[in-house]
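# Understanding the architecture of this molecule
Below are the chains, spelled out letter by letter.
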Amino acid sequence: MALLSVRNLHARVGDKDILKGIDLEVGAGEVHAIMGPNGSGKSTLASVLAGRDAYEVTQGEVLLDGKPLLELAPEARAAEGVFLAFQYPVEIPGVGNLHFLRTALNAQRRVKGLEELDAMDFLQMAKEKSKLVQLDAAFMNRSVNEGFSGGEKKRNEIFQMAVLEPRLAILDETDSGLDIDALRTVAGGVNGLRSPQRSMVVITHYQRLLDYIVPDKVHVMAGGRIIRSGGRELALELEEKGYGWLGLQDGKAAATKGGEARR
Amino acid sequence: MTTDTLQELTRRPYAAGFVSAVEADTFPPGLNEDVIRALSEKKGEPPFLLEWRLKSYRHWLTLREPTWQAVTYKPIDYQAISYYSAPRFKPKKDSLDEVDPEILRTYEKLGIPLVEQQRLQNVAVDAVFDSVSVATTFKDKLAKAGVIFCSFSEAVREHPELLRKYLGSVVPHSDNFFAALNSAVFSDGSFVYIPKGVRCPMELSTYFRINAAETGQFERTLIVADEGSYVSYLEGCTAPQRDTNQLHAAVVELVALKGATIKYSTVQNWYPGDAEGKGGIYNFVTKRGIAHERAKISWTQVETGSAITWKYPSVILKGDDSVGEFYSVALTNNLQQADTGTKMVHLGKNTRSTIVSKGISAGRGQNTYRGLVKVLKSAENARNYTQCDSLLLGDKCGAHTVPYIEVKNASAQVEHEASTSKIGEDQLFYCRQRGISQEDAVSMIVNGFCRQVFKELPMEFAVEAQKLLGVSLEGSVG
Ligand SMILES: Nc1ncnc2c1ncn2[C@@H]1O[C@H](COP(=O)(O)OP(=O)(O)OP(=O)(O)O)[C@@H](O)[C@H]1O
Ligand SMILES: [Mg+2]
């Protein structure tokens, strides 16, 4: 059975339909890439899976390991093992990065009936995990994402993922805004977290990332639907031929512009 | 985030709202010279003090209640208030054994055990119950260091010379409407004297509790730090939940002589009234300090209670190289109103002041920062830095910033920064996605917002303040 099953998912904001029937099955241990032009609904899909209440699900269902996900609050989904690496990580002034993460981890542990980690044990664990993405110790005690550069924010997301050890990780354009060395570091971190129990959905505009994080499957989204699915070679083909090849000719939505341009 | 969830989160009962069954000796409501004479006699005061009270009263009669502040309330009937209420026992206790067990229980319930042996923290407490100081702990240890820490009434009897010298020296009897009223009718409060060169060996703390109904609380605090001394003083307050408004008009005077440091922290949690704005304390307080040469006065306040807060802890930077600081968190929820800020008056050369104000508004709360930075001609090279940040939870509350700056010396450097933000839906979602509940997320974000101020508080107080902020916000997130 798939770890994540998305069936005929429709969602909207206000009266604007954004997701128009998504079907997606991700097996345990698999990595799936989602590509697609700007505005095609990739981040919306990620947000709906994580439970953002700005989006209204109008049809369909989502199962995590066979359990319905959509009725759960975002924090309950997190405790079930859903993790979203944000396209735009949020700043929380005055709240220390480590304090934030320990609060999150312990909240999840409480739900699972596990003992909370004390500050010392947590610190040791966090230090160990931070090596994975080479996040400098200085970042640990700064306020959450405040004054972090774009690349530092993305690394911090993967660091959080390493600490929280989710079953399903959704990485929304974790590669955009990274220089080539940082890209390697982050991809290395992600690969280090691949395991037979952990599935990942990697949203990206660049096939280059998929050289480092090699996906089991690639999906192309457009207009709120998955219009094509295939193996790794689909990404290469897309890179070569552009979205026009799939019958999409929206010039503004050119994939090469990247996701960061919208904000 | 919807306003509904916000409201849900800020709605939580006031934990200190119980009434204690203590027999009390209470004056009938009303105010005239005879009441003041009776009060003074009851307290066995020397003639100079009665004269001072009467002078204040007569001056008060010529004053009008101020109306410039951004708060609204029904006119107060000063004849409907009782000006004295004391638990019925010999007013000053040498041993806690003599204190009414019901009062001890009240303080215990509030988390302030007065029984010294049980106290783990290094804090001496003076507990003021309605109008009277009921117990002061750790007196012996303090006496060894030469520190005087006692109730105001006791100071009147034991240290009249010090009192006479400093009473009204910072906040004159004629200062303002509420200060004049307080000077006429003040009941009790705390007195502190730190001798030359002494670093007070422990935190000093006064805990104010209003219990009786229909009484006002008018306490006075006077702290004198002699040359080169240091003291850190904490003030906490709560009151029972009643559906009528009660007046609290206190005066605090700080005197920091040459090279002395006074750190004064307040965690104010007077009953704020219910969600419809019924009841609650009117907290109209005058707090001011005077800093002599190289002295430093630092005010830190966390204001979460009261129906109305009206206070401007101020520093007169009289001596050269003196320093004034004001760190404030003011939270208003439901129908609470706060008009608070500070005055920094620079007289001496190279005087420096820092103001950090954090206003949080939730529900239909209204929060105003009102601050004055005044640099006089004599204040060569004065510097001020002011930062005012407001955080809004929901869309029915308000935040207002009213800075007044008066500079009469061109060498002054005055800096002002202000910001207003909302708790963003994106911040909350980010926290929740990581597994943190909405309520904890709000409290975390608000605490982060206040961090700059909380780090100025003594440890135990910082923890209490954080908890208090969480509680005060329950039922309000949005
Ligand atoms: N909260 C919202 N309110 C209104 N419109 C929204 C909202 N969220 C998304 N949309 C719209 O839905 C569409 C899909 O947006 P989404 O962010 O999911 O695209 P994306 O595929 O992630 O794009 P990009 O590659 O630029 O990140 C866009 O047209 C966007 O403007
Ligand atoms: Mg996106």
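This text gives an overview of the structure that appears in the document. Since the structure is predicted, the reported quantities are computational estimates derived from the model, not experimental observations.

Turning our eyes to something else, we now look at the overall build of chain A. A tally of regular secondary structure across chain A gives nine helices and twelve strands. The globule rule puts the C-alpha radius of gyration for 263 residues at 18 Å, and the 18 Å found for chain A is close to it. With respect to the principal axes defined by its C-alpha atoms, chain A has extents near 55 × 40 × 35 Å. In chain A, buried positions account for 54% of the 263 residues. Across chain A, contacts joining residues at least 24 apart in sequence account for 69% of those joining residues at least 6 apart. Carbon and sulfur atoms provide 48% of the accessible area of chain A, an area that totals close to 11400 Å². Side chains of chain A carry 33 positive and 36 negative charges; the gap between the two charge centres is 2 Å.

This part is about the overall build of chain B. The helix and strand inventory of chain B stands at twelve helices and 23 strands. A burial count over chain B gives 64% of its 478 residues as buried. A sequence separation of at least 24 residues applies to 84% of the contacts in chain B between residues at least 6 apart. Put simply, chain B shows about 17700 Å² of open surface, and 50% of that area lies on carbon and sulfur atoms.

On to the coordination of the magnesium ion (ligand 2). Metal coordination angles have textbook ideals: 109.5 degrees for a tetrahedral set of four donors and 90 or 180 degrees for an octahedral set of six. Listed as protein donors to the magnesium ion (ligand 2) are Ser43 of chain A (OG) and Gln87 of chain A (OE1); their distances from the metal cover 2.0 to 2.3 Å. Here Ser43 of chain A is found in helix α1 (residues 42-50), whereas its partner Gln87 of chain A is found in the loop between β6 (82-85) and β7 (92-96), with 44 residues between them in sequence.

Looking now at the packing of aromatic side chains. All names here are of chain B. As enumerated under the stated definition, the model contains 16 aromatic pairs over all chains in all. Within the aromatic cluster, the residues linked to one another by ring pairs are Tyr57, Trp60, Tyr78, Phe177, Phe178, Tyr282, Phe284, Trp310 and Tyr312. The positively charged end of Arg53 is found above the aromatic ring belonging to Phe186, 4.1 Å away from the centroid. Here the basic side chain of Arg220 rests over the ring of Phe186, its NZ or CZ set 5.6 Å away from the ring centre.

Moving on, we get to the site of ligand 1. Residues and elements named next belong to chain A. Close to ligand 1 lie 16 residues; Lys42, Ser43, Thr44, Tyr55 and His205 are nearest. One of the backbone N or O atoms of Ser43 is found 2.8 Å from an oxygen atom in ligand 1. Here an oxygen atom of ligand 1 and a side-chain polar atom of His205 are 2.9 Å apart. For ligand 1, the accessible surface in isolation is 630 Å², of which the surrounding protein chains cover 75%. If one sorts the elements of the shell around ligand 1 by residue count, α1 sits on top with three residues. The class makeup of the residues in the shell around ligand 1 is four nonpolar, eight polar and four charged.

With that out of the way, let us pick up the packing of helix α3 (residues 97-111) of chain A against helix α4 (residues 119-130) of chain A. All names here are of chain A. Remark: α3 packs on α4, axes separated minimally by 11 Å, with the N-to-C direction vectors making an angle of 105°. One way to sum up the angle between α3 and α4 is to call them roughly perpendicular. On the side of α3, the interface is formed by Leu98, Leu101, Arg102 and Leu105, while α4 contributes Ala119, Phe122, Leu123, Met125 and Ala126. Within the contact of α3 with α4, the residues separate by chemical class into eight nonpolar, no polar and one charged.

Below, the discussion takes up α4 of chain A. Residues and elements named next belong to chain A. In this model, α4 (twelve residues) spans 16 Å end to end at C-alpha, consistent with the 16 Å of a helix rising 1.5 Å per residue. For α4, every residue scored as buried is listed here: Phe122, Ala126, Lys129 and Ser130. Taken around the axis of α4, the buried residues stretch over an arc of 95°, which confines them to a single face. Away from its buried face by more than 90 degrees, α4 exposes Met120, Gln124 and Glu128. Residues of α4 that are buried make contact with α3, α5 (137-140) and α6 (150-164). Its side-chain oxygen at 3.1 Å from the backbone nitrogen of Met120, Asp118 defines the N-terminal cap of α4.

Core analysis: the biggest nonpolar cluster contains 93 residues, and Ile22, Phe100, Phe159 and Ile170 of chain A together with Ile360 of chain B have the highest contact counts within it. Sequence-distant contacts of Ile22 of chain A, defined by excluding residues within four places in its chain, comprise Val6, Arg7, Asn8, Leu9, Leu45, Met221, Gly224, Arg225 and Ile226 of chain A. Membership of the second largest hydrophobic core comes to 36 residues, among which are Val252, Ile262, Ile297 and Leu317 of chain B.

The full count for this structure, using the stated rule, is four cavities of 30 Å³ or more. Size it by volume and the largest cavity reaches roughly 90 Å³. Every residue lining the largest cavity is counted, 15 residues in all, and those nearest its centre are Ser357, Gly359, Asn367, Thr368 and Tyr369 of chain B. Where the lining of the largest cavity is concerned, the elements lending two or more residues are β17 (323-332), β19 (352-361), β20 (366-375), β21 (383-392) and β22 (398-407) of chain B. For the lining of the largest cavity, a count of residues per class yields four nonpolar, nine polar and two charged. In this structure, the second largest cavity spans a volume of roughly 50 Å³. Lining of the second largest cavity is provided by Ala78, Gly81, Val82, Phe83, Gln108, Leu164 and Pro166 of chain A together with Gln433 and Arg434 of chain B. Taken together, the residues of the lining of the second largest cavity sort by class into five nonpolar, three polar and one charged.

This part takes up the side chain of Arg288 of chain B. With respect to the secondary-structure elements, Arg288 of chain B resides in strand β13 (residues 280-291). Beyond its immediate chain neighbours, meaning those up to four positions away, Arg288 of chain B contacts Val170, Val171, Pro172, Asp175, Val252, Glu253, Leu254, Trp299, Ser314 and Ile316 of chain B.

Mapped onto the fold, Lys20 of chain A is located in strand β2 (residues 16-26). Distance in space between the C-alpha atoms of Lys20 of chain A and Gly224 of chain A is 5.0 Å, their sequence separation being 204 residues.

A few words now on the interface of chain A and chain B. Chain A puts 35 residues into the contact, and the matching count from chain B is 19 residues. Both sides together, the interface formed by chain A and chain B hides about 2200 Å², and carbon and sulfur atoms give 59% of it. When the buried area of chain A at its contact with chain B is split by residue, Arg52, Glu75 and Val90 of chain A rank highest and sum to 26% of it. There are three salt bridges connecting chain A and chain B. In this structure, the salt-bridge partner of Arg432 of chain B is Glu75 of chain A, at a minimum N-O distance of 2.7 Å. The interface formed by chain A and chain B includes 13 residue pairs in polar contact (both at pLDDT 80 or more). Elements supplying a minimum of two residues to the side of chain A that touches chain B: α1, α2 (74-79), β6, β7, α3, β8 (143-144) and α6 of chain A. When grouped by side-chain class, the residues that make up the side of chain A that touches chain B number 19 nonpolar, ten polar and six charged.

To continue, consider the state of the cysteines. All names here are of chain B. Tallying each qualifying case throughout the model produces zero disulfides over all chains. A disulfide-free cysteine, Cys200 has its sulfur positioned 13 Å from the sulfur of Cys150, the nearest such atom. Cys388 provides the cysteine sulfur closest to Cys450, a residue in no disulfide bond, and the two sulfurs are 14 Å apart. Look at Cys450 and you get buried, because its relative accessible area is 0%.

About the cut-offs
- Residues numbered from 1 in each chain as written.
- Chains lettered and ligands numbered in written order.
- Predicted model: local features only at pLDDT ≥ 70, side-chain atom pairs only at ≥ 80, totals over all residues.
- Heavy atoms only, no water.
- Helix = DSSP H or I, 4+ residues; strand = E, 2+ residues; numbered from the N terminus.
- Rg over C-alpha atoms; globule rule 2.2 N^0.38 Å.
- Buried < 20%, exposed > 50% of the residue type's maximum accessible area, 1.4 Å probe, protein only.
- Contact = heavy atoms within 4.5 Å.
- Areas by Shrake-Rupley, 256 points an atom, 1.4 Å probe, with all protein chains shown as cover.
- Lys, Arg positive; Asp, Glu negative; His and termini not counted.
- Charge placed at Lys NZ, Arg CZ, Asp CG, Glu CD.
- Donors = N, O, S within 2.8 Å, 3.2 Å for Na, K, Ca; no water.
- Phe/Tyr/Trp six-rings, centres within 6.5 Å; stacked < 30°, edge-to-face > 60°.
- Lys NZ or Arg CZ within 6 Å of the ring centre and 35° of its normal.
- Near = heavy atom within 4 Å.
- Polar contact = N/O pair within 3.5 Å; in protein donor to acceptor, adjacent residues only side chain to side chain.
- Nonpolar A, V, L, I, M, F, W, Y, C, P; charged D, E, K, R; others polar.
- Axes fitted to C-alpha atoms, helices over the stretch in contact; angles between N-to-C directions.
- Parallel < 35°, antiparallel > 145°, perpendicular 65-115°, else oblique.
- Expected span 1.5 Å × (residues − 1).
- Arc of directions from axis to C-beta.
- Core = buried A, V, L, I, M, F, W, Y, C linked by side-chain atoms within 4.5 Å.
- 1 Å grid on protein atoms, 1.4 Å probe; cavity = no way out; pocket = protein on both sides within 12 Å on 5 of 7 lines; lining within 4 Å.
- Points joined across faces, edges and corners; volume = space filled by probe spheres on them.
- Buried area = accessible area lost by both parts, 1.4 Å probe.
- Salt bridge = Lys/Arg side-chain N within 4 Å of Asp/Glu carboxyl O.
- Disulfide = S-S within 2.5 Å.

Read these as spatial facts, not as claims about activity.
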